[in-house]
Amino acid sequence: MNFYIGQKVVCIASGGWYSANDDRKDPGPKKDEILIVDFLDYTPGDFGLGFNKYDTEEGFAIEHFRPLLTDSIEYAEKLVKELEIEINEENLVTA
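The structure contained in this document is the topic of the report that follows. (Residues numbered from 1 in each chain as written. Predicted model: local features only at pLDDT ≥ 70, side-chain atom pairs only at ≥ 80, totals over all residues. Heavy atoms only, no water.)

### Notes on the nonpolar core
Soluble globular proteins: nonpolar side chains tend toward being buried together. Residues Phe-3, Val-9, Cys-11, Ala-13, Trp-17, Leu-35, Val-37, Leu-49, Phe-51, Tyr-54, Phe-60 and Phe-65 constitute the largest nonpolar core, which totals 12 residues. Beyond its immediate stretch of four places on either side in the chain, Leu-49 contacts Phe-3, Val-9, Val-37, Phe-39, Leu-40, Gly-59, Phe-60, Ile-62 and Phe-65. (Core = buried A, V, L, I, M, F, W, Y, C linked by side-chain atoms within 4.5 Å. Buried < 20%, exposed > 50% of the residue type's maximum accessible area, 1.4 Å probe, protein only. Contact = heavy atoms within 4.5 Å.)

### Considerations on the pattern of salt bridges
Here the structure, examined in full by the defined rule, presents 1 salt bridge. Here Lys-53 makes a salt bridge to Glu-33, at a shortest N to O gap of 2.5 Å. Here Lys-53, found in the loop between β6 (46-50) and β7 (60-61), pairs with Glu-33, found in the loop between β3 (25-26) and β4 (34-36); they are 20 residues apart in sequence, far enough to count as distant. On the accessibility criterion, Glu-33 (14% relative accessible area) is buried. (Salt bridge = Lys/Arg side-chain N within 4 Å of Asp/Glu carboxyl O. Helix = DSSP H or I, 4+ residues; strand = E, 2+ residues; numbered from the N terminus.)

### Considering the pairing of strand β1 (residues 8-11)
Where β1 lies against β4, 3 bridges are found, and the strand directions are antiparallel. In the strand pairing of β4, Val-10 is matched with Ile-34. Sheet analysis places β1 next to strand β8 (residues 65-67), joined by 3 bridges and oriented antiparallel. Counterpart to Cys-11 in the pairing with β8 is Phe-65. (Pairing = 2+ DSSP bridges.)

### Examining unusual backbone geometry
Positive phi is not limited to glycine here, since Asp-32 has a value of about 75°. By secondary structure assignment, the location of Asp-32 is in the loop between β3 and β4. Residues other than glycine seldom take positive phi values, yet Asp-55 does so here, at roughly 45°. Relative to the helices and strands, Asp-55 is located in the loop between β6 and β7. On the accessibility criterion, Asp-55 (74% relative accessible area) is exposed.

Just distances and angles here, no functional claims.
And the structure:
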């Protein structure tokens, strides 16, 4: 998957986040939380997504996120708003 700064992503991790240096639980994205990528954290062999909301210099592992296809959602919302729906006498939906 390709990730980039400014992209909307959703967190799929459910176990919480732990510090790489000890067993201390760190604050981080929650399952189903939607975030915007603020920075990319790359070190050889490791790639993470960073979010300023969590005030950390290190990124969170990319395997815990999935990109949101905002263009598709916005397009679908536009189509729904433009479509006029009415219920006829037989209680059937027509467009």
